[in-house]
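What follows is each chain in one-letter form.
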Amino acid sequence: MNTNKKVIIITGASKGLGNELAKLYFQKGSYNLILTARSKEGFNEFKNKEGVDLIVGDIREKDTLDSIEKVVEEKYKKVDILINNAGVIYTQPFEKNTEKQLDELFDINLKAPILLTQRMYPFMVSQKSGLIININSTAGKEGKANHTLYAATKFGLRGFTEALRQEAKAHNIRVLSIHPGGMDTHLFDDLEKKPDVSTFMNAKKVAEIIVFLSETEGVSPDEILINRPSS
């Protein structure tokens, strides 16, 4: 284990944007990766790789958060980059949303990134450096029909990100909000009515932008909107 490498945590890393981010950071060879997801599917290429810790578990569960914190505390004792990427979506008329869906959306999209950040933040404060990237959505900037609950969680995440950014500046910690438009990922797999993703963005291209921003020194973008050319 190379302790000189930067330590990065990525949630929702087995599929979609999170998986593309994990691949890009791993290929660079200058990072120790802590990757989390509810399913081990998509983790095959990272199995038994040096400098990669795989945590399979629900990010809503205390045991999963405990496992992430344990790896950081016992193995690395630092966190350089935290990417809160895990998310879920429901798109349907407001009156059709259920309380179960409400709980799932708020627990995964808002509560989980807040709780994980709260655990990792002290490491960054102690080391007087760090980068927190919250993967939001265009729905976190503008309300959309049939996205009522999803937009509520993303607006909440945006508010949390903006407020934390003001506190984190005193500790030389950057807090970045990424708002991608539609991406062709597994996010829509469980929806009864799937959107036409033929014009959606390629997740790898979005990941490349995020990696570039995370490695650019001397600037501190606060909020980045990444959209399709046709939008």
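So, here is what we can say about the structure in this document. Each chain carries its own residue numbering, running from 1 in the written order of its sequence. Only residues with pLDDT of at least 70 get local features here, since the model is predicted, and only at 80 or more are side-chain atom pairs given and counted; chain-wide, interface and lining totals rely on the full set of residues. Side-chain metrics rest on all non-hydrogen atoms present in the structure, leaving aside hydrogens and water.

## So, the environment of Ile83
Part 1 of the reasoning: Only DSSP runs of H or I with at least four residues qualify as helices, and only runs of E with at least two residues qualify as strands; both kinds are numbered from the N terminus onward. Within the fold, Ile83 resides in strand β4 (residues 81–84).
Part 2 of the reasoning: By relative accessible area, Ile83 is classed as buried at 0%.
Part 3 of the reasoning: A C-alpha to C-alpha distance of 8.6 Å links Ile83 and Gly18, two positions 65 residues apart in sequence. The buried label applies to any residue whose accessible area, calculated with a 1.4 Å probe on protein chains only, is under 20% of its type's maximum; exposed applies above 50%, and partly exposed to all values in between.

## Some remarks on the sheet that holds strand β3 (residues 52–56)
Remark on secondary structure: sheet strands pair via backbone hydrogen bonds, oriented parallel or antiparallel.
Part 1 of the reasoning: Here, strands pair whenever DSSP counts at least two bridges between them. Pairing is parallel across the open sheet formed by seven strands, whose spatial order is β3-β2-β1-β4-β5-β6-β7. Each edge of the open sheet is held by one strand with a lone partner, namely β3 and β7 (223–226). The average angle at which neighbouring strand axes cross in this sheet is 15°, direction not considered.
Part 2 of the reasoning: Relative to strand β6 (residues 173–180), strand β5 (residues 130–135) runs parallel, the two sharing six bridges. Residue pairing for β6: Leu131 is matched across the bridge by Arg174.
Part 3 of the reasoning: With respect to the sheet, helix α1 (residues 16–28) is in contact with β1 (6–10), β2 (31–37), β3, β4 and β5, its orientation differing from that of β2 by roughly 160°.
Part 4 of the reasoning: Contact definition: two residues touch when any of their heavy atoms are within 4.5 Å. Fitted lines through C-alpha atoms serve as axes, helices being fitted only where they are in contact, and the angles separating the N-to-C directions of these axes extend from 0 to 180 degrees. Lying on the sheet, helix α4 (residues 148–168) is in contact with β5, β6 and β7; it crosses β6 at an angle near 160°.

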